[in-house]
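Report on the structure
As a plain string of letters, each chain reads:
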Amino acid sequence: MSLQEETILQFAPWESFVSPTFWHKLAEVKLDHDRLSDTKRSISGHYTNRNASGCLLEVDYTAYNRSAQPPKFSHAAVGTIYNKNTIEEFKALDKVALLADEGKELVADMRSGRVLGDPSLLARFFVLSFADLKCHSYYYWFAFPCPLTPTLKLQGGVQKLRDVPNSQKYTQALKALPAESQAFFILYVNEKENVCEARQLNSLDEKDVEHYYFGFADPSEYDHPAWLMRNYAAWLLNHCPTFVGKKLRFLGLRFNQKMQVDDSRIWEVIQTEGCDLADTMELKFVGWEANKNGKMGPRMVCMRDSMDPAKLAENSVNLNLKLMKWRLVPDLNLEIISQTKCLLFGAGTLGCAVARNLLSWGFKHITLMDNGKVGFSNPVRQNLYTHADAVAGNRMKATTAAERLREINPSAETVGHVLEIPMPGHTIGDSLRAQTEEHLNLIEKAVRDHDVVFLLTDSRESRWLPTLLGAAFKKVVINAALGFDSYLVMRHGSTRDDSGDGGQEIEGLKCIRGSQLGCYFCNDVTAPGNSLKDRTLDQQCTVTRPGVSNIAASYAVELLVALLQHPLRDQAPAYYAQSGKPEEADGKVPEGLLGILPHSVRGMLCNYENILPATQKFAQCIACSKPVLDAFRSDGHSFLFKTFETAKYLEDLTGISEFTRLNSEIIDFDDDEFDMSEEDED
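Residues numbered from 1 in each chain as written. Predicted model: local features only at pLDDT ≥ 70, side-chain atom pairs only at ≥ 80, totals over all residues. Heavy atoms only, no water.

1. Observations regarding the overall build of the chain
Looking only at helices and strands, the chain has 21 helices and 26 strands in total. Counting over 682 residues, the chain shows a buried share of 48%. Sequence separation of 24 or more characterises 73% of the internal contacts of the chain that already satisfy a separation of 6 or more. Carbon together with sulfur atoms contributes 49% to the accessible area of the chain, which is approximately 33,900 Å² in total. (Helix = DSSP H or I, 4+ residues; strand = E, 2+ residues; numbered from the N terminus. Buried < 20%, exposed > 50% of the residue type's maximum accessible area, 1.4 Å probe, protein only. Contact = heavy atoms within 4.5 Å. Areas by Shrake-Rupley, 256 points an atom, 1.4 Å probe, with all protein chains shown as cover.)

2. Section: the packing of aromatic side chains
Taken as a whole and judged by the stated rule, the model has 28 aromatic pairs. Considering the side-chain rings of F22 and W23, the 5.0 Å spacing of their centres and the 80° angle between planes classify their relative orientation as edge-to-face. The exposure class of F22 is buried, given its relative accessible area of 0%. For W23, a relative accessible area of 2% translates into the label buried. Clustering of aromatic rings is evident, with ring pairs tying together W14, F22, W23, Y47, Y64, F125, Y138, Y140, F142 and F144. Just above the ring of F73 sits the side chain of R50; from NZ or CZ to the centre is 4.2 Å. Between R463 and the ring centre of Y520, over which it is positioned, the NZ or CZ distance is 5.4 Å. (Phe/Tyr/Trp six-rings, centres within 6.5 Å; stacked < 30°, edge-to-face > 60°. Lys NZ or Arg CZ within 6 Å of the ring centre and 35° of its normal.)

3. Considering helix α1 (residues 20–34)
Compared with the 21 Å implied by 1.5 Å per residue over 15 residues, the 20 Å span of α1 between its first and last C-alpha is a close match. By the burial criterion, the buried members of α1 are F22, W23, L26, A27, V29, K30 and D34. Taken end-on, α1 shows its buried residues confined to a sector of 165°, consistent with a single buried face. Phi turns positive one or two residues past the end of α1, at R35, with a value near 50°. (Expected span 1.5 Å × (residues − 1). Arc of directions from axis to C-beta.)

4. A look at the confidence of the model for the chain
Should pLDDT be low for a region, the predicted coordinates there are not to be read in detail. Confidence in the prediction for the chain averages 88 pLDDT; 89% of positions are at 70 or higher. Low pLDDT (under 50) marks residues 534–540, which in the prediction has 3 contacts with non-local residues, meaning those over four places away or in another chain. (pLDDT = per-residue confidence, 0-100.)

5. Structural notes on the sheet that holds strand β18 (residues 365–370)
Backbone-to-backbone hydrogen bonds join strands into a sheet, with any given pair of strands oriented parallel or antiparallel. If you trace the 8 strands from one edge of the open sheet to the other, you get β19-β18-β17-β20-β21-β22-β25-β26, paired in mixed fashion. Two strands close off the open sheet at either side, each with one partner strand: β19 (413–418) and β26 (609–611). With direction set aside, neighbouring strand axes in the sheet form an average angle of 15°. Bridge analysis of strand β22 (residues 486–491) against strand β25 (residues 600–604) gives 5 bridges, and the strand direction is antiparallel. Directly across from L488, in β25, lies its bridge partner R602. (Pairing = 2+ DSSP bridges. Axes fitted to C-alpha atoms, helices over the stretch in contact; angles between N-to-C directions.)

6. What about the packing of helix α18 (residues 626–635) against helix α19 (residues 637–645)?
Between α18 and α19, the least distance of the axes is 6 Å, while the angle of their chain directions is 125°. The angle between the axes of α18 and α19 places the two elements in the oblique class. Along its contact with α18, which presents V628, A631, F632 and D635, the element α19 presents H637, S638, F639 and L640. For the contact of α18 with α19, a count of residues per class yields 5 nonpolar, 2 polar and 1 charged. (Parallel < 35°, antiparallel > 145°, perpendicular 65-115°, else oblique. Nonpolar A, V, L, I, M, F, W, Y, C, P; charged D, E, K, R; others polar.)

7. Some remarks on the pattern of salt bridges
This structure, assessed with the given rule, holds 21 salt bridges. The closest approach of N and O atoms between D218 and R254, which form a salt bridge, is 2.7 Å. Of this pair, D218 sits in the loop between β12 (212–217) and α6 (228–239) while R254 is found in the loop between β13 (247–253) and β14 (265–270), placing the two residues 36 residues apart along the sequence. The residues D218 and R254 share a single accessibility class, namely buried. Note that D570 and R496 form a salt bridge whose closest N and O atoms lie 2.7 Å from each other. Of this pair, D570 sits in the loop between α17 (546–565) and β24 (574–577) while R496 sits in the loop between β22 and β23 (509–512), placing them 74 residues apart in sequence. Among the charged side chains, a salt-bridge network with shared partners connects K40, E105, D109, R114 and R124. (Salt bridge = Lys/Arg side-chain N within 4 Å of Asp/Glu carboxyl O.)

8. Some points on the state of the cysteines
Counting across every chain of the model gives 0 disulfides. Counting only cysteine sulfurs, C624 is the nearest neighbor of C522, a cysteine outside any disulfide, at a range of 3.5 Å. By relative accessible area, C522 is classed as buried at 5%. Note on C621: no disulfide assigned, nearest cysteine sulfur contributed by C519 at a separation of 3.5 Å. (Disulfide = S-S within 2.5 Å.)

9. Concerning helix α13 (residues 397–408)
In this model, α13 (12 residues) spans 16 Å end to end at C-alpha, consistent with the 16 Å of a helix rising 1.5 Å per residue. What α13 keeps buried is the set K397, A398, T400, A401, A402, R404 and L405. Where the residues of α13 are buried, they touch α11 (349–360), β18, α12 (387–392) and β19.

10. A short note on unusual backbone geometry
Positioned with a positive phi, H136 is a non-glycine residue whose angle comes to about 60°. In this structure, H136 sits in the loop between β6 (124–132) and β7 (137–147). The exposure class of H136 is buried, given its relative accessible area of 15%. Of note in the backbone geometry, N166 takes a positive phi value of approximately 60° without being a glycine. Following the sequence through the fold, N166 ends up in the loop between β9 (159–160) and α5 (167–175).

11. Examining the nonpolar core
Counting 78 residues, the largest nonpolar core has F214, Y232 and F250 as its most contacted members. It is α6 that contributes the most residues to this core, 8 residues altogether. Taken domain by domain, the makeup of this core includes at least three residues from each of domain 1 (10–148) and domain 2 (153–279). (Core = buried A, V, L, I, M, F, W, Y, C linked by side-chain atoms within 4.5 Å. Domains from an automatic or database assignment.)

12. Here we look at the packing of α11 against α17
Taken N-terminus to C-terminus, the directions of α11 and α17 make an angle of 45°; their axes are 8 Å apart at the nearest point. The angle between the axes of α11 and α17 places the two elements in the oblique class. Taken as a pair, α11 and α17 cross one another with a handedness that is right-handed. Residues T349, L350, A353, V354, N357 and L358 of α11 pack against S549, N550, A552, A553, S554, V557 and L560 of α17. Class assignment of the residues belonging to the contact of α11 with α17 gives a composition of 8 nonpolar, 5 polar and no charged. (Left-handed = near helix turned anticlockwise from the far one by under 90°.)

13. Looking at the environment of M423
With respect to the secondary-structure elements, M423 resides in the loop between β19 and α14 (430–449). Put simply, M423 and W464 are 41 residues apart on the chain and 7.0 Å apart in space, counted from C-alpha to C-alpha. Ignoring sequence-local partners within four residues, the contact set of M423 consists of S459, E461, S462 and F644.

14. Focus: the pairing of strand β4 (residues 56–59)
Alternating residues of β4 divide into L57 and V59, all buried, and L56 and E58, none buried. Here strand β2 (residues 15–18) runs beside β4; their pairing, made up of 4 bridges, is parallel. In the strand pairing of β4, E15 is matched with L56.

15. Focus on the side chain of H566
Here H566 is to be found in the loop between α17 and β24. Excluding residues that lie within four positions of it along the chain, H566 makes contacts with A572, G592 and L597.

Following this line, the structure appears as structure tokens:
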């Protein structure tokens, strides 16, 4: 081989990747355990050779766990941290001496035989750090010690495994190697005996060197091998001095995303000079990591945004959501969730549960409206109130709930308004007219300023005004209503000008466009009246099985999130089975990012069953029909006060009062005269 074909082998240097959780844990260890002690502490790291990017060595909070296992498709690295008490000690420490001390420990492991028992000792690193816990700033410098040995000379070019003759045999042998043995191993290839097998490193026999590929998990993405091969070669040449002057083949095992090894690299190298690792006094070491500017020096990271209590709380509540984006729902739009403003009418059992679920999903803008006080019966069912609130006697639900939400998540922007929701059929006297006008102005402004309106009140008529305003101001409206052991959760049809999607033609299914979906009142043929008049206590209160409210609240929030993630949002169509058999729609309904987006969810706890009906808008609806919206836009509060005086005004306006004549025209059928047998249907 000519001199021109012989080049010095270069190595891809390690790049440290420090998870914020590493600093979180370091702060905990320093405050609760180490205190003033700056004694070195053993840590661990890991690296991956699957679809590797750069040549990364990662540390996270598990680094301090002595029994921690590396993540799947990763391999362990052995490390140490020197966390100094002051920035002056950090700066004054002799970096050359520290690198030499760590390097000598590495050499000692090489010469003692410990590496054969634990090859991960070759993946060595340490961290010099100073933690400024007051300012949440961390100064650190990684090093990956390696003895300065004679250069390895590359014989020929770098070869990919796929280009090796009979590479299929190599691939089969490598795939048979257990994952825990892939960090460092030997691939034995004997063409004459037709043997190709991966072996443990401790099976090394100097006489078989011509049949060996010295394999290692290579985290490099370049043609150059990772830095850890430098320690691997130094150990081999020290452990087997006869290898000096001989050609050695190294196999950098690399997996792609599909766990294929075709892109693994092979380097044939030779070291012509020996190196006595026993002479540690003369031995030099290298390995300090360059900073982001490419210079030899430490780095600094400010963790104030993640470790200050207020900021830490904000980031922590989003941890579960951000983890969803890693693998489960990469396209999940968290920004639209955090920016969406939600207005909750009702701060009772449903309101509290919905508010808590909104926080869990990362909603930060929540406004509650309610006129009730916290009573002694509330805290056990309404999870934002305590017994102390009831004892106080003057704690209003809306403001107390808003305060509790901020205590749970300090970054949430929550407001509570104490007011009465004017209702059809609830006459307003002259003495209350000015207050009602004030409340109407506040309610209208709130609906205008928010993106989503939740209807969570405990009477039918109290939902009428928010339904009307939601339709008039083209807002997303989510309704949740409870029975004793049943619930209804629905999204109101869109009133935006967009044409929306006509939907897909699917056999057996009926599609209703988002703009044609009905509201809570579209199935009624009477206007809401005073539901509290002439009612006993059990009829005035919302008496339900305790679990019903939590189920309904969860569905309400999940329905909103699914709607926000749908490309058509409130214009998304809904589907239902034309036969009336819900099971016929299974697997046919088109899905959005988070699954199907129904119009409504009706559930019963008596049989633990849900159905997903969809209904069209009613042209004479007393809340969202054109005559009602036109009257409101034309006459404003004057129109509203007419409806508050008597609900019959709405019936006359929409024409549904004509339906009253049906009361005298109902036809009674005898069972014998009205037989709908299956044979007749066929």
